[in-house]
Amino acid sequence: MMDEKLVTISTHGTIMDAEIEKSLLESEGIEGFIRNLFANALYPGLLGEVELQVREEDVEKALVALGR
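Given the structure is predicted, the values throughout are model-derived calculations rather than measurements.

Trainee: Which residues make up the nonpolar core, and what are the values?
Mentor: Ile 9, Leu 25, Ile 30, Leu 52, Val 54, Val 59, Ala 62 and Leu 66 form the largest nonpolar core, which has eight residues in total. Elements represented by at least two residues in this core include exactly strand S3 (50–55) and helix H3 (59–65).

Right under this line is the structure:
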């Protein structure tokens, strides 16, 4: 995982919204990663949005799975 590039495919104002999309991706067999999870939990809205990321090779498939 250390050498794999992650790409942000969406940003969210809340952890819950990011978790919903992550669950959708995982139901399609795509592993998702949430960035800024803890900072947002401690200081919602102050430290930026929560980012949903996938591996670079999964970007197209993830965007299709999310209807984008």
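Trainee: Give me the lowdown on the sheet that holds strand S2 (residues 32–35), citing residues and values where you can.
Mentor: One open sheet accounts for three strands, arranged S1-S3-S2; its pairing is antiparallel. Each edge of the sheet is formed by a strand with only one pairing partner; in this case those strands are strand S1 (6–12) and S2. Taken over all neighbouring pairs, the strand axes of this sheet differ in orientation by 30° on average, direction set aside. Pairing geometry for S1 and S3, over six bridges, is antiparallel. Bridge pairing in S3 links Leu 6 to Arg 55. Here helix H1 (residues 15–27) sits on the sheet in contact with S1, S2 and S3, set at roughly 20° to S3.

Trainee: Explain the pattern of salt bridges to me, using residue names and the numbers behind them.
Mentor: Across all of its chains, the model carries five salt bridges by this definition. Among the ionic pairs, Arg 55 bridges to Glu 4, the shortest N-O distance being 2.9 Å. Residue Arg 55 is found in strand S3, and its partner Glu 4 is found in the segment before S1; the two are separated by 51 residues along the sequence. Linking Arg 68 and Glu 21 is a salt bridge whose minimum nitrogen-to-oxygen distance equals 2.5 Å. Residue Arg 68 is located in the segment after H3, and its partner Glu 21 is located in helix H1; the two are separated by 47 residues in the primary sequence. Through salt bridges with shared partners, one network takes in Glu 4, Glu 31 and Arg 55.

Parameters at a glance
- Residues numbered from 1 in each chain as written.
- Predicted model: local features only at pLDDT ≥ 70, side-chain atom pairs only at ≥ 80, totals over all residues.
- Heavy atoms only, no water.
- Core = buried A, V, L, I, M, F, W, Y, C linked by side-chain atoms within 4.5 Å.
- Buried < 20%, exposed > 50% of the residue type's maximum accessible area, 1.4 Å probe, protein only.
- Helix = DSSP H or I, 4+ residues; strand = E, 2+ residues; numbered from the N terminus.
- Pairing = 2+ DSSP bridges.
- Axes fitted to C-alpha atoms, helices over the stretch in contact; angles between N-to-C directions.
- Contact = heavy atoms within 4.5 Å.
- Salt bridge = Lys/Arg side-chain N within 4 Å of Asp/Glu carboxyl O.

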